[in-house]
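Report on the structure
Chain by chain, the residues run as shown.
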Amino acid sequence: MPSKALHLLAFALLLAAAQAAHALLPIEHWETQRGARVYFVQNRDLPMLDVSVDFPAGAAFDTREKSGRANLTAHMLRLGAGGMDEDEISRRMADVGAQLAGRFDPDRAGAGVRTLSSAKERQQAIELLARILARPEFSATVLEREKVRLTGALKEADTKPDTIAARTFARMLYPKHPYGLRSSGEVGTVTTLTREDLASFHRSHYTADRAVIAMMGDVTREEAAAIAEALTAGLPATGGAAPTVPPVPALEKGAERWVVHHATQSHILMGTPGVSRGDPDYFPLFVGNYVLGGGGFQSRLTEEVRTKRGLAYSAYSYFSPMLREGPFAVGLQTQASGARDALAVVRKTVADFIAQGPTAKELAAAKKNIVGGFPLRIDSNRKILENLAVIGFYRMPLTYLDDFTTNVERVTAEQVKAAFQRRIDPNRLATVVVGPSGESTAKAN
Amino acid sequence: MRVIVKSDHRAPVVVSMVWYKVGSIDERSGTTGVAHVLEHMLFKGTKAVPSGEFSRIIAEAGGRDNAFTSRDYTGYYQTLHKSQLALVMRLEADRMVNALLAPEEFAKEIKVVMEERRWRTDDRPRSLVYEQLNAAAFRAHPYRNPVIGWMSDLENMRVQDAREFYDAWYAPNNATLVVVGDVTPEEVFKLARQHFGPLPRKTLPLRRITEEPQQLGPQDLTVRAPAELPYVLMNYKAPVLRDPDADWEPYALEMLANVLDGNEAARLNRTLVRTARIASSASAYYDGVARGPGTFSLSGTPTPGKTARELEQALRREVEKLIAEGVTEEELQRVKAQAVASHVYERDSMFYQAQQIGSLTMAGLSHRVIDLFVEKLKAVTAEQVVAVAKKYLVDSGLTVAYLDPQPLSGKKPAGPPPGVRHAQ
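Residues numbered from 1 in each chain as written. Chains lettered and ligands numbered in written order. Predicted model: local features only at pLDDT ≥ 70, side-chain atom pairs only at ≥ 80, totals over all residues.

Check the secondary structure of chain B and you find 15 helices and 10 strands. Over its C-alpha trace chain B gives a radius of gyration of 23 Å, about what one expects of a compact globule, namely 22 Å for 424 residues. A principal-axis box enclosing the C-alpha atoms of chain B has dimensions of 65 × 50 × 40 Å. By the burial criterion, 54% of the 424 residues in chain B qualify as buried. (Helix = DSSP H or I, 4+ residues; strand = E, 2+ residues; numbered from the N terminus. Rg over C-alpha atoms; globule rule 2.2 N^0.38 Å. Buried ≥ 20, exposed ≤ 12 C-beta atoms within 10 Å, placed from the backbone.)

Attention shifts here to the overall build of chain A. Within chain A one finds 16 helices and 12 strands. Projecting the C-alpha coordinates of chain A onto the three principal axes gives extents of approximately 85 × 60 × 40 Å. With 445 residues in all, chain A has 49% of them scored as buried. For chain A, long-range pairs separated by at least 24 residues make up 81% of all intrachain contacts whose partners lie at least 6 apart in sequence. (Contact = placed C-beta atoms within 7 Å.)

Residue and element names in this part refer to chain A. For F138, which is not glycine, the phi torsion reads 50 degrees and is therefore positive. Looking at where F138 falls in the secondary structure, it is placed in the loop between helix 4 (119–134) and helix 5 (140–157). For F138, a count of 22 C-beta atoms within 10 Å corresponds to the buried category. One non-glycine residue, R395, lies in positive phi territory at about 50 degrees. By C-beta crowding, R395 is classed as exposed, having 10 other C-beta atoms within 10 Å.

As a further point, take the interface of chain A and chain B. Chain A puts 52 residues into the contact, and the matching count from chain B is 55 residues. For the side of chain A that touches chain B, the elements supplying multiple residues, two or more each, are helix 3 (86–95), strand 5 (108–116), helix 5, helix 11 (300–307), strand 9 (312–319), strand 10 (326–335), helix 13 (360–372) and helix 14 (381–393) of chain A. It is helix 5 of chain A that provides the largest number of residues to the side of chain A that touches chain B, a total of 7 residues. Tallied by class, residues from the side of chain A that touches chain B come to 18 nonpolar, 20 polar and 14 charged. (Nonpolar A, V, L, I, M, F, W, Y, C, P; charged D, E, K, R; others polar.)

With that settled, consider the packing of helix 2 (residues 69–76) of chain A against helix 8 (residues 195–205) of chain A. Residues and elements named next belong to chain A. Close contact between helix 2 and helix 8 brings their axes to 9 Å; oriented N to C, the two are set at 85 degrees. Overall, the two elements helix 2 and helix 8 adopt an arrangement that is roughly perpendicular. Along its contact with helix 2, which presents R69, A70, L72, T73 and M76, the element helix 8 presents D197, L198, F201 and H202. For the contact of helix 2 with helix 8, the per-class residue count stands at 5 nonpolar, 2 polar and 2 charged. (Axes fitted to C-alpha atoms, helices over the stretch in contact; angles between N-to-C directions. Parallel < 35°, antiparallel > 145°, perpendicular 65-115°, else oblique.)

Attention now moves to the sheet that holds strand 8 (residues 279–286) of chain B. Residue and element names in this part refer to chain B. Read from one edge to the other, the open sheet built from 5 strands follows the order 6-10-7-9-8, with strand pairing classed as mixed. Across the chains shown, the open sheet's two edge strands, defined by having one partner strand only, are strand 6 (219–226) and strand 8. Averaged over all adjacent pairs, the angle separating strand axes in this sheet is 15 degrees, with direction ignored. Summarising the sheet, strand 8 and strand 9 (residues 294–302) pair through 7 bridges and their orientation is antiparallel. Within strand 9, the position partnered with A284 by the bridge is L298. Across the sheet, helix 9 (residues 249–261) is in contact with strand 7 (231–238), strand 8 and strand 9; its angle to strand 8 comes to roughly 165 degrees. (Pairing = 2+ DSSP bridges.)

Our focus in this paragraph is the sheet that holds strand 4 (residues 99–104) of chain A. Residues and elements named next belong to chain A. One open sheet accounts for 6 strands, arranged 1-2-6-3-5-4; its pairing is mixed. The open sheet has two edge strands with one neighbour each: strand 1 (28–31) and strand 4. Averaged over neighbouring strand pairs, the angle between their axes works out to 15 degrees when direction is ignored. Contacts between helix 14 and the sheet are confined to strand 2 (37–42), strand 3 (48–56), strand 5 and strand 6 (212–217), with strand 6 contributing the most and set at about 155 degrees to the helix.

Turning our eyes to something else, we now look at helix 14 (residues 369–379) of chain B. Residue and element names in this part refer to chain B. Restricting attention to buried positions, one finds in helix 14 the residues F373, K376 and L377. Looking straight down helix 14, one finds its buried side chains confined to an arc of 100 degrees; they lie on one side. Opposite the buried face of helix 14, at more than 90 degrees from it, the exposed residues are D371 and E375. Those residues of helix 14 that are buried are in contact with helix 9 and helix 12 (329–345). (Arc of directions from axis to C-beta.)

This part takes up the nonpolar core. Where a protein is soluble and globular, its nonpolar side chains tend to be buried together. By size, the foremost hydrophobic cluster in this structure holds 254 residues, and its most contacted members are L129, L133, I213 and L388 of chain A together with M255 and L256 of chain B. The contacts of L256 of chain B, once residues within four sequence positions are left out, are V385, V388 and A389 of chain B. (Core = buried A, V, L, I, M, F, W, Y, C linked by C-beta atoms within 7 Å.)

Residues separated by three or four positions in an α-helix point in the same direction, a consequence of the helix having 3.6 residues per turn. In this model helix 13 of chain A runs 18 Å from its N-terminal to its C-terminal C-alpha over 13 residues, within 8% of the 18 Å that 1.5 Å per residue would give. Among all positions in helix 13 of chain A, only E362, L363, A366, N369 and I370 of chain A are buried. Seen from one end, helix 13 of chain A has its buried residues packed into an arc of 130 degrees, which puts them on one side. Facing away from the buried side of helix 13 of chain A by over 90 degrees, the exposed positions are A360 and K361 of chain A. Summarising the contacts, the buried residues of helix 13 of chain A are in contact with helix 10 (282–294), helix 15 (400–410) and helix 16 (413–423) of chain A together with helix 2 (53–60) of chain B. (Expected span 1.5 Å × (residues − 1).)

Moving on, we get to the environment of A263 of chain A. Secondary-structure assignment places A263 of chain A in the loop between strand 7 (255–260) and strand 8 (265–275). Under the C-beta neighbour-count criterion, A263 of chain A is labelled buried, with 26 such atoms within 10 Å. Considered as a pair, A263 of chain A and G435 of chain A are 172 residues apart in the sequence and their alpha carbons are 6.0 Å apart. Those residues within four positions of A263 of chain A in sequence are excluded, and the remaining contacts are P161, G435 and P436 of chain A together with D123 of chain B.

Next up, the structure:
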């Protein structure tokens, strides 16, 4: 008997070792013939496939003069391509039940599709996706219409307190950097964009060698390879040196801006340029932010602003890591008469956290939630696809998800405090308050 | 208590939702919004689990939790690792009967809800349009009241109102537990019996819900609020699904909404946005699953330079054209292909599946309707689509609301919300 028990134990250890070596999410990675990076996870549980193709072609690649060019290029892809007009593309997608989705953020632009994995449906969906990525027509008449729609939407958005706050905030954080440009462009710049502006942006930014393809679902490795080739075969050839996003200068001094708006609530945003993807401070900041304002009811901001004082429905903070330092932001909306009180509470909460860091108890609770909740980050095809797209675009390690919980566990309270102190100076924060009690002044603080 | 389990073994995760068949439809004049306020208060402690502890325990178990209140129901959910299911059940069973509803917590939370109302509705012109339209379209039925409640009712609300509502409606026999995830029905039933089994049944109040008298003619209203673009929302009275096997009109109305607006090449976008360029956006919507009366709505934003009334006329012309000329087999096939595909895509989200099951159950329907729906939609004919358009998209059941944009300076938005999600 003892020998058998021992044998079983040895077997269990072997099994554990084998599992440890086996990745949590086996990501297959290769390059297409034309140099596109592919990230693929096979899953046959559901008869469907998700694919996305992204390029470094987001709003950060705009210039001030042609602000909105990147957005309009991405937006126009599906509105006519390779001899098919917009209606034919929409009809053919719908005919096979496929769902086309665009992606556009400060760094990335592209398109993707969700389709059934059965051969006929899948082939038609992939063929359409390849066509719109490689051969968009940027029809002048469609462009004129879309410019009217877009400028109307921009003017509409400019009446909303949350938009006004977000735009003011971005300009304060990035006064001379493309991250400070409005991602969809300004009314004044959008109206001047031409068909050739978009076509040339497409030629120079949607090139095969810079494409990042994420793929998740019910196809074999061979089928995935063929799909990746089909999606990149017709893309423009490389346009020379890769486009880059300039470094982000730190804020020189703090500033507070009050903007009058006749709403019942004041919208408050406060922050500074934060952290870039792949930065060694990322995990301490991410875990620390759970304690400060990322952890919902467990966060200090919610506790101080909502639970203790009933000043707001939501109060939060986040880091948004990008190619360069994306924003660190604290936000809330509060009844106009309470704006000053709420702002004082938020300032003190942020300053205290930066000065002292998290308590041992807070840090432990943050880790428990993030580590225990890790399975929720990869519990659907959609979420896995989004992870693949980020890992690929930002060239993160293929083991990023496997190492995620270890990296979280490793974070110490000292690291959190040090990282926050390196990144955020409470005396150099940009603050904007949009609401009825504003005096429309700007002042240094 | 009814328990519905759907196994989904793709990830070691479980979604657990407790649905109470009580929403703003069950409220009385003077205390509108109480269902939603009570939802907030259910995070404010029991004797065993003090205020704030519920969310803290779920968070430390790696979970996410929240709640939602609608016209027809109130729901509480957690998403977390499957090993934590027993914990969730213990906590939900506890607050089903032991909520403290402390006055000092209420005093703070009612302020939070008022902030929520300002944020959701008072400062959002289109939410105001929706709220005002409902108040006009329903003269007597409680669907006329916003889920979040009228501001004066929130101002006047007392903790006793929440207490009375809780005592009346929170009981296992008014609840449905929906669990989707990496579990077996047997283990869930066992846990449910253990935690909810000992809770006492209650005699529920009579559900005396005023029926909406028949609308006798078209009506319209205007909302003036700070905005740039006008907007029009047209609401037609329509039936809802009551007998999923025998009814056919709700499926035909669903098909109608999709022929008009089910994809980018569908009629409203193709004609009004892309070709005629009278609209910046245009949509059609039908929700055939509800405890109360149904609506079919058309809405849109005119393109700059066009008015809301012009867009309304254009929307009406699309309906008239559909009635006069019918719909093509190609259009029907396209919608059916989309429905078949969507039925597969839905299975990628455990949360969505749980929501579908819960909302059907609350409307008195079986979760089996999820599968039946695709088959029924496939069976809809072109004649049926025209027939329901002719019968329901008519003036006599129409309420139109226009947003009349006002300049930003000086004007204050006038008044108030739709479905309310959430507590956090």
